[in-house]
Structures are given as structure tokens and as C-alpha cells.
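Reading the structure
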Amino acid sequence: MAGLLVLPGSAAAEVDTEAGEPEGDGASEAVPAPAVRHWSARTGWVRAVEPGQPIASSPSTEAVAEATAPSITLAAQVQRLARDAEGAVWVRVNYPNGGPRGWVPASALRAVSPFRPLSRSAERRLDRLVALAGPRTGVVVRDKFGRTLYSGGTRRPLILASVTKLFTVAAGLDRFGARVGARSILAPSDNFRAQVLMNRLGGGVNTRGTSRAGDYAAGLGADVRLADGSGLSYSNRAPAHEVVDFLERVRDVEHFGVFRAGLPVAGLSGTLAGRLREPATRGRVRAKTGTLDPVATLAGYVRPRGIGLGPHRELVFAILMNRIHPPTGRAIQDRMLRALVVGP
């Protein structure tokens, strides 16, 4: 059992790793035991094997399912292990970033790699850059399993600019399939095509389309306010963490490959062709740019050195800057991404 975590198996109170306060776990049906050992706890993090995995109120097959796993790509922290009356092992999990918590059969979970935070020097560099961008800036970066690596600036809703097109295109792909032309909208940031797609979503009515696109985002766990399809309206708003929530969950949908392939690529294509062109960063960022006066936004996926090539290995990020001169904002964004790709 080398390398496994050994967690208490009794029904005693537990310590919530996020809130830091003792919480009764409701595990009245658990069989008391000195300890429960299981491979699912070897890294302290697990993910669901199947979409929609129920999360129960106590470790029992008869317990009420209070929630479901938000995604098979997102990790939950292991809080406790216990056995039910039949001797099966259950894991109490806690999804970060306000996600659900509760009990899941260990057989329905897989261990994931341990959490590796950013270096302190990288954090300090990002802190300085967020401060430089001003108080109307929100930055969130998470690892491939949805664990927060960095969160800085405001959590208030910010103007999205053309990052709005992420929601327009994803909703269009869901409704109409790959023929919507994701690349022709996202890569050049084509306002006209994006608005045509939003109108099409609404049966010819923009407000109906934005409602449907907003509902689609909500179905993926993201709370956004949409006013048009292009991002030209200053009323398109969301906090950075909600944009990241969306970019995480959209990885599970059928047309994610088309969606991702349509994004501009740093130093190579679309509105990122002229940015981050140096060898160390070229090709390592796929993201949607956004520019209004005075707004600079960027959201998507970044692949640091040494994490492999697969799309599900990428970090997910959103950098939303309001009340900033756009060229200044873009320069700060590029410095942030260099810090994530190659270090400070």
C-alpha cells in the first residue's frame, strides 16, 4: 500500500479542506473502522469515470443523490473514505470552485495526478501584472483538472468584447453542428458572421438567440450575460471565473474538437498570428481575443512546456481587462502567457 493515503473510516466529524471548519458528514450508515485504504485516495484527487455520476448525501446505495459530477475532466478532492453496510468503499469528494460535494462509490472514480501549484515567482509576476492592468481586471488560470492555479483581480462581471464569440459559436455548434463554420468566425473574429449565427439561433431574432446561447452556457455551469453575437455590445459581461468554467465544461461536448480548432493560435493564425511569435510560445496558446475601447480580453487554452501535446493537458485561462488602453492590455496579456508557458 505504499504511496496510498490512509483516511479515517469512522463517521466522526471531518475537516472541510476549503472552508476550514468541522462539518458532520452525515455518514450514519458507514461501518466504523480504524482506517479505510483504497487506491482512489493515493493522490488525494479523483475524477468521475462516467458523465453525470450521482453524488450522494451519505455512503450508501440508498442515500439521496444531491448532485452530479460536473464533468469527467474535472477533479474533486478526496476528503474521507468509508465503507457501507455491504463493505463497499465510498469516497467523500469536494469539487473546488464552488462545485458539489458528497459521497461517490470508489468504483466510479479514478485517481488523477497530484495538484502542482504555480511557483511562487510565477504567482508574484502575475500579481504584479494584474496590478499594472488596474482594478477592472480579472484573471483566472486552472489546470487541466479544473484546479485553480491563479486567481487575481476582481471577481465582478467584466465586458467581454469578442470573447463573446466563444459562447455564440459553441451554442451554434450544439444546435446546428459543425457546418456553422467555427473557424471562419473565431480565427478572424468576424463580427458579421457571428451576429448572423446569433440571429439564426434565435430564429431571426437577436434577443431570442442571446437567450438561447446564455441558456446553453448555463447548462455547462457558466453564468454569463449576452446582448449580441459579435461582442460589440458593452453589455456582454461575465466574471473571469465564469468564462473559465465554460471553457472547462465545453471540452466534454461533441463538437469540442471543431470549437478548439477554430480558435486563433499564437504566432500562427487568426487574431493571434502577430502575437507571442517567439519559438518558446508560438503554437502554445489557442484563445479568443477581444478588443473594444477601453477593453482588452483573452480567453482559451495554454500549453506550458513539459505537459504534453494533448488538448486535455492544456491549462484553461481567462484574462479580462476593462478601462485599459487595448495595446497596453494586449502587451500585459502576452507577458502573463509567457510566464505560464516558460516561467517568469
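Residues numbered from 1 in each chain as written. Predicted model: local features only at pLDDT ≥ 70, side-chain atom pairs only at ≥ 80, totals over all residues. Heavy atoms only, no water.

**Some thoughts on the environment of G231**
As a reminder, the rule being used: The secondary structure listing takes helices from DSSP runs of H or I that are at least 4 residues long and strands from runs of E that are at least 2 residues long, numbered from the N terminus. For every residue, the accessible area (1.4 Å probe, protein chains only) is compared with the maximum for its type, and the residue is labelled buried under 20%, exposed over 50%, or partly exposed between those bounds. Contacts were defined at the residue level, with two residues in contact if any of their heavy atoms lie within 4.5 Å.
Tracing the backbone through its elements, the reader meets G231 in the loop between α5 (206–219) and β15 (237–238). For G231, a relative accessible area of 2% gives the class buried. Along the sequence, G231 and Q195 sit 36 residues apart, while their C-alpha atoms lie 8.9 Å from each other. With residues near it in sequence (within four places) discarded, G231 still touches A161, S162, T164, N236 and L292.

**Some remarks on the pairing of strand β13 (residues 148–153)**
Counted only if it meets this: Note: two strands are recorded as paired if DSSP finds a minimum of 2 bridges between them.
The pairing of strand β12 (residues 137–142) with β13 spans five bridges and is antiparallel. Within the sheet, the bridge partner assigned to V141 lies in β13 and is Y150. Counting the residues in the hairpin turn of β12 and β13 gives five residues, including G146, whose phi is positive at 85°.

**Quick notes on the pairing of strand β16 (residues 285–292)**
Of all eight residues making up β16, six are buried, and the element is well covered by its neighbours. Judged from the eight bridges that link them, β16 and strand β17 (residues 295–302) form a sheet pairing that is antiparallel. Along β17, the bridge assignment pairs L292 with V295. What sits between β16 and β17 in their antiparallel hairpin is a turn of two residues.

**Observations regarding the pattern of salt bridges**
Heads up, the condition is: Just to be clear on terms, a salt bridge is a Lys or Arg side-chain nitrogen sitting within 4 Å of an Asp or Glu carboxyl oxygen.
In the structure shown here, the tally under the stated rule is eight salt bridges. The residue R193 makes a salt bridge to D190 at a minimum N-O spacing of 3.7 Å. Across the pair R260 and E314 runs a salt bridge whose closest N-O atoms are separated by 2.7 Å. Here R260, found in helix α7 (residues 256–261), pairs with E314, found in the loop between β17 and β18 (315–322); they are 54 residues apart in sequence, far enough to count as distant.

**Digging into the packing of aromatic side chains**
Our working rule: Working definition: rings of Phe, Tyr and Trp (its six-membered ring) pair if their centres are within 6.5 Å, and the pair is stacked with planes under 30 degrees apart, edge-to-face with planes over 60 apart, and tilted otherwise.
Inspection of the entire model under this criterion finds four aromatic pairs. Summarising the aromatic geometry, the rings of W45 and F115 are spaced 6.4 Å apart at their centres and angled 50° between planes, so their arrangement reads as tilted. Of the two residues, W45 sits in strand β5 (residues 45–48) while F115 sits in the loop between β11 (109–111) and α1 (120–133), which places them 70 residues apart along the sequence. Ring plane angle 35° and centroid distance 6.4 Å describe the contact between F256 and F259, whose orientation is recorded as tilted.

**Notes on the nonpolar core**
In plain terms, the rule: Within this scheme, the nonpolar core is defined by two criteria: the residues are buried Ala, Val, Leu, Ile, Met, Phe, Trp, Tyr or Cys, and they are joined through side-chain atoms within 4.5 Å.
If you look at the biggest cluster of nonpolar residues, it comprises 41 residues, and the most contacted ones within it are F167, V243, F246, L247, V250, F259 and Y301. Every element with two or more residues in this core is listed here: α2 (164–176), α3 (182–186), α4 (191–201), α5, α6 (240–249), α7, β17 and β18. By residue number, the principal contributor to this core is α2, which donates seven residues. Once residues within four sequence positions are removed from consideration, V250 is found in contact with A170, L220, F256, F259 and Y301. Counting 28 residues, the second-largest nonpolar core is a separate cluster that includes L272, V302, I319 and L337.

**Quick notes on helix α8 (residues 326–342)**
Threshold: To estimate the expected span of a helix, subtract one from its residue number and multiply by 1.5 Å.
For α8, spanning 17 residues, the distance from its first C-alpha to its last is 24 Å, which sits close to the expected 24 Å at 1.5 Å a residue. Within the span of α8, buried status applies to P326, G329, I332, Q333, D334, M336, L337, A339, L340 and V341. Among the structural elements, α1, β12, β16, β17 and β18 are those in contact with the buried residues of α8. Downstream of α8 by one or two residues, G343 has phi in the positive range, about 95°.

**Things to note about the side chain of R251**
Put simply, the test is: A positive count includes Lys and Arg, and a negative count includes Asp and Glu. His and the chain ends are not counted in either. Polar contact criterion, stated in full: a pair of N or O atoms within 3.5 Å, where within protein one must be able to donate a hydrogen and the other to accept it, and residues adjacent in sequence count only if both atoms are side-chain atoms.
By secondary structure assignment, the location of R251 is in the loop between α6 and α7. One buried charge, R251, has no salt-bridge partner; the nearest side chain with opposite charge is E248, at 5.3 Å. A distance of 3.3 Å separates a polar atom in the side chain of R251 from a polar atom in the side chain of T73. A distance of 3.1 Å separates the side chain of R251 from the backbone oxygen of K144, its partner in a polar contact.

**So, α1**
For α1, which comprises 14 residues, the first-to-last C-alpha distance of 20 Å matches the rise-based estimate of 20 Å (1.5 Å per residue) to within 8%. Just beyond α1, the residue with positive phi is G134, at close to 105°.

**Some words on the environment of F115**
In this structure F115 comes out as partly exposed when scored by relative accessible area, which is 31%. When the C-alpha atoms of F115 and T43 are compared, they prove to be 8.4 Å apart, with 72 residues separating the residues in sequence. Excluding anything up to four places from it in sequence, F115 contacts W45, D143, R147, T148 and L149.

**Quick notes on the sheet that holds β12**
For clarity, the threshold we go by: Structural elements are reduced to axes, namely lines fitted to C-alpha atoms, with helices fitted over the stretch in contact, and the angle between N-to-C directions of any two is expressed from 0 to 180 degrees.
In spatial order, the strands read β13-β12-β18-β17-β16; together these five strands make up an open sheet with antiparallel pairing. Across the chains shown, the open sheet's two edge strands, defined by having one partner strand only, are β13 and β16. Across the sheet, the axes of successive neighbouring strands diverge by a mean angle of 5°, strand direction being ignored. Its contacts with the sheet put α1 on β12, β13 and β18, and the angle it makes with β13 is roughly 25°.

Purely geometric numbers; function is a separate question.
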